[in-house]
Amino acid sequence: MNVALGLGAAGLALGLYSFFVDSPPAGRALGGTTANSVYSPAQVGGHLVYTAGQVALDPVEVKKGNKGLVGAGDVSKEARQALTNLKSVVESSGSSMAKVMKCNVYLTSMDHYAAFNEVYTDFFGIAATGAAPPARTCVAVHQLPLGALVEIEAIARV
C-alpha cells in the first residue's frame, strides 16, 4: 500500500514538473487590436492564453489611427468582427478556436442575445471547430468601449 502511494505521489510530481518545465514562456504578450495601448490583446501563461475583450474594431483602420467599429449599431456585424478579432488573437498565441475553454460575453442589451448567438455558432461548436463549444457567461452591461454593442474575451489552451 505504501509503495502504491509513493509511486502515485512520484507520478504526480513528475507530471507537475513536466507541465511547468514544458510550459510556454509565462507572461508573453501577444499582438492584436486594442482600443488603446494600456493593455495587451492577450497574455500567455503556462499552457493558457487569456485574451482581452475584443470589440468590432477594424485592425486595418486601427493601424491608421482610426477607432471606428465595423457595422457600428448592428449587433450581428459587430459580433462577427469582434469574434474575427478574437480568433486572430487566439491563433496568434498558437492556439485555435477549438481550444477555447471559456468565453465571457458582454452585451449592452439582452435583446441582442439571439442575434449574437446566431453569429457565435459560426465560430464555436461542432459544426464550426469540430469541438464542443466552450463554457460561456453572457451578461448585459450598461456601456462598452467605443459605444460597442458586444465585447468578448476568452481563455484557451495553447
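Computed from a predicted structure; not experimentally measured.

(A) The arrangement of the nonpolar core in detail. With 24 residues, the main nonpolar core has L83, L86, V100, F116, F124 and I152 as its most contacted residues. If you list the elements that add at least two residues to this core, you get β2 (42-45), α3 (75-92), β4 (100-107), α4 (113-120) and β6 (150-157). Considering every element that reaches this core, the biggest residue donor is α3, with six residues. Those residues in contact with I152 that lie beyond four places of it in its chain are A52, G53, Q54, A82, L83, L86, C103, N104, V105, F116 and Y120. Of all hydrophobic cores here, the second largest spans six residues; its members include V55, L57, L144 and A148.

(B) Structural view of α3. Across its 18 residues, α3 extends 25 Å between first and last C-alpha, which sits within 8% of the 26 Å expected from 1.5 Å per residue. What α3 keeps buried is the set V75, E78, A79, Q81, A82, L83, N85, L86, V89 and V90. Between a side-chain oxygen at the N-terminus of α3 and the backbone nitrogen of S76 the separation is 3.0 Å; the capping residue is D74.

Analysis parameters
In every chain, residue numbers begin from 1 and rise along the written sequence. Note on the predicted model: pLDDT of at least 70 is required for a residue's local features to be given, and 80 or more for side-chain atom pairs to be given and counted; whole-chain, interface and lining totals, by contrast, use all residues. Note: side-chain values were computed over all heavy atoms of the structure, leaving out hydrogens and water. Grouping buried Ala, Val, Leu, Ile, Met, Phe, Trp, Tyr and Cys residues that are joined through side-chain atoms within 4.5 Å yields what is termed a nonpolar core. Three exposure classes are used, based on accessible area relative to the maximum for each residue type with a 1.4 Å probe and protein chains only: buried under 20%, partly exposed in between, and exposed over 50%. Strands here mean DSSP runs of E at least two residues long; helices mean DSSP runs of H or I at least four residues long; both are numbered from the N terminus. By the convention used here, residues are in contact when the closest approach between their heavy atoms is within 4.5 Å. Multiplying 1.5 Å by the residue count of a helix minus one yields the expected span of that helix. Identification of polar contacts relies on pairs of N or O atoms within 3.5 Å, with a donor-acceptor requirement for protein atoms, meaning one able to donate a hydrogen and the other able to accept it, and with residues adjacent in sequence counted only if both atoms are side-chain atoms.

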